[in-house]
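Here is what each chain is made of, one letter per residue.
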Amino acid sequence: MTRAAVSSGFTLEPQTAGRTLEFAAFGFPLGGAFVVGWPAAPGAVRYEADDQPALLHFAPARWLVPQPHPDIEALLQAAVDAGAGIVVDVEGKWQPLLLRGPGAKRVLATAVDIESALHERACAALTLFDCPSIVAACAGGYSLWVRASYAADFIAAVERLGA
C-alpha cells in the first residue's frame, strides 16, 4: 500500500489466497447433528484463535471457507456426508485483502454504509467500488475477499482514497 494510505490512517494488504472453498447448502436452515460449530445465523462467522475468519455465512445457504484447516474440513465433510450440501473448490476466485487501521471504516464508507451493512452481522456480501466482495470484521479492521478479476481495480480505488 502507498505511503499516502498509511498517512490516511489505513493499510490495505493483499494476502496469499491459498486453498479456498465454498459450501452451498441444498436447504436452509441447516439441520442435523453436523451443524454444531457452524455459524448458521445470517452473516455469522466462525473465527480462528488469531481473530481471522475461518467459516463465513456470507449469503443465504452459502459459506466461504478461506484456507481451511482440518477442523473446518471435518465440519464440511460431515455436512456433505449428511447430504446437506456440496463443497466447491473456488481457489483463484477470490483475492483476500486486509484493510486495517483507524481509517479503514472511512474507506469502506465511501462505497457503502458499512455499519448498516454489518449491523448484527459479522460478514456480508457487498459490492464495493463496483467490485463483488465479501467483508468480515476482524481485529483492527476488515478481512475482505474481492473477486480476483476485480482485485486490481479495487486496490486502485482504495489507493486513490489514500492519496
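For clarity, every value in this text was computed on a predicted model and none was experimentally measured.

Chemist: Account for a nonpolar patch on the surface, with residues named and values stated.
Modeler: Judged by side-chain polarity, Phe26, Ile86 and Val88 come together as a nonpolar surface patch covering roughly 300 Å² of accessible area. Note on placement: Val88 falls in strand β6 (residues 85-89). Overall, the relative accessible area of 37% leaves Val88 in the partly exposed class.

Chemist: How would you sum up the pattern of salt bridges? Please name residues and give values.
Modeler: For the structure on display, the rule yields four salt bridges. The shortest N-O distance in the salt bridge between Arg19 and Glu73 comes to 2.8 Å. Taken together, the residues Arg19 in the loop between β1 (11-14) and β2 (20-25) and Glu73 in helix α2 (residues 70-81) connect sequence positions 54 residues apart. For Glu22, the salt bridge identified is with Lys93, shortest N-O distance 3.1 Å. Here Glu22 is found in strand β2, whereas its partner Lys93 is found in the loop between β6 and β7 (94-100), with 71 residues between them in sequence. Residue classification places Glu22 among the buried residues on the basis of a relative accessible area of 2%. A network of salt bridges, in which partner residues are shared, links Glu22, Arg62 and Lys93.

Chemist: So what's going on with the sheet that holds β6? Residues and values would help.
Modeler: Here five strands make up an open sheet; going across it, the order is β3-β4-β5-β2-β6 and the pairing antiparallel. Only two strands of the sheet have a single partner each, and these edge strands are β3 (45-47) and β6. For this sheet, the mean inter-axis angle between neighbouring strands, taken without regard to orientation, is 20°. Here three bridges tie β3 to strand β4 (residues 53-59), and the two strands are oriented antiparallel to one another.

Reading the values: the criteria
- Residues numbered from 1 in each chain as written.
- Predicted model: local features only at pLDDT ≥ 70, side-chain atom pairs only at ≥ 80, totals over all residues.
- Heavy atoms only, no water.
- Patch = residues over 30% accessible without salt bridge, like charges linked within 9 Å, V, L, I, M, F, W, Y side chains within 5 Å.
- Areas by Shrake-Rupley, 256 points an atom, 1.4 Å probe, with all protein chains shown as cover.
- Salt bridge = Lys/Arg side-chain N within 4 Å of Asp/Glu carboxyl O.
- Helix = DSSP H or I, 4+ residues; strand = E, 2+ residues; numbered from the N terminus.
- Buried < 20%, exposed > 50% of the residue type's maximum accessible area, 1.4 Å probe, protein only.
- Pairing = 2+ DSSP bridges.
- Axes fitted to C-alpha atoms, helices over the stretch in contact; angles between N-to-C directions.

From the geometry alone we can't say anything about function, so treat these as descriptive.
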